[in-house]
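A look at the structure
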Amino acid sequence: AVLDTLLFLARDERGPAGQIDPRVFHAAFYYLDLFPERMHHPKEERYLFAAIRRKTSEANEVLDALAADHESGAQSIRELERALVRCEASDSKEWPAFAQAIEQFVAGYREHIRKEEQLVMPTARRVLSAQDWAEIEEQWSTNQDPLAGTSAERDYDRLIGRIVELAPPPIGFGQAS
C-alpha cells in the first residue's frame, strides 16, 4: 500500500505544482525505513533465509541478491529523502527527478518482492519442515520497534494512519496544500 501510494503521488499532476503535502512523502519514507528496513529484512535474513540455507544451497544466489538489496535499502531511502528536500527547496523544479527516483525505487522494490514470492518462498515451502516453520514463526513473533522497544503493531497502525491522513484523495483524506 505504501509503495502504491508513492507511485500514485509521483504520477499525480498536482506534484509538479508543489500541491502535494510533502509530509506524506516523509511519513512514507519513515515507514519504509522503520518497518521493512529495520524490522522485516533483518528477520528475513536471520530466520527465514538462514533456515533455507541450512537445508539447501540451491537458493543461495537469489538469497545473496536479496541480502544485497537489504544492505542497500536504507541508502536508497536516504536518496529519496534527499531528492524530496531538493524538490522542496527548488519550488518543485526538481519534481521530475524526484518522481523518476520514486518510479525506480518502487520498480526495484517490487522486483525484490517478486523474487521473494516466486523464487524463495517455493523453495522454503519445499525444504522447510513443519518444525522449521514453527521455529521461524516463534522467532519472528517478537516484533518490537528496535529503537523504542514499543509494540510495532501500534506504531505501524499510527504511521499508516498518518500517511492516509496526509495523502490526497482518492488514496487518502488529505487536502492539496
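In what follows, the accompanying structure is described. It should be emphasised that the depicted structure is a prediction, and the values quoted were computed from it without experimental measurement.

With respect to the overall build of the protein chain
- Helices and strands together make up the secondary structure of the protein chain, namely 6 helices and 0 strands.
- For the protein chain, the α and β elements follow one another from N to C terminus as α-α-α-α-α-α.
- Within the protein chain, the proportion of its 177 residues that are buried is 41%.
- Across the protein chain, every contact between residues at least 6 apart in sequence was considered, and the portion connecting residues at least 24 apart equals 76%.
- On the protein chain, roughly 9,700 Å² of surface is accessible, and the fraction owed to carbon and sulfur atoms is 51%.

Brief notes about the side chain of D33
- If you trace the backbone, D33 turns up in helix α2 (residues 22-55).
- The exposure class of D33 is buried, given its relative accessible area of 6%.
- With residues up to four places along the chain from it excluded, the contact list for D33 reads R38, A74, I77 and R78.

Comments concerning the packing of aromatic side chains
- Within this structure, the stated rule accounts for 7 aromatic pairs.
- Judged by centre distance (6.4 Å) and plane angle (80 degrees), the ring pair of F29 and F98 falls under edge-to-face. One end of the pair, F29, is in helix α2; the other, F98, is in helix α4 (residues 95-127), and 69 residues separate them in sequence. The two residues F29 and F98 agree in class, both being buried.

Cut-offs applied
Residues numbered from 1 in each chain as written. Predicted model: local features only at pLDDT ≥ 70, side-chain atom pairs only at ≥ 80, totals over all residues. Heavy atoms only, no water. Helix = DSSP H or I, 4+ residues; strand = E, 2+ residues; numbered from the N terminus. Buried < 20%, exposed > 50% of the residue type's maximum accessible area, 1.4 Å probe, protein only. Contact = heavy atoms within 4.5 Å. Areas by Shrake-Rupley, 256 points an atom, 1.4 Å probe, with all protein chains shown as cover. Phe/Tyr/Trp six-rings, centres within 6.5 Å; stacked < 30°, edge-to-face > 60°.

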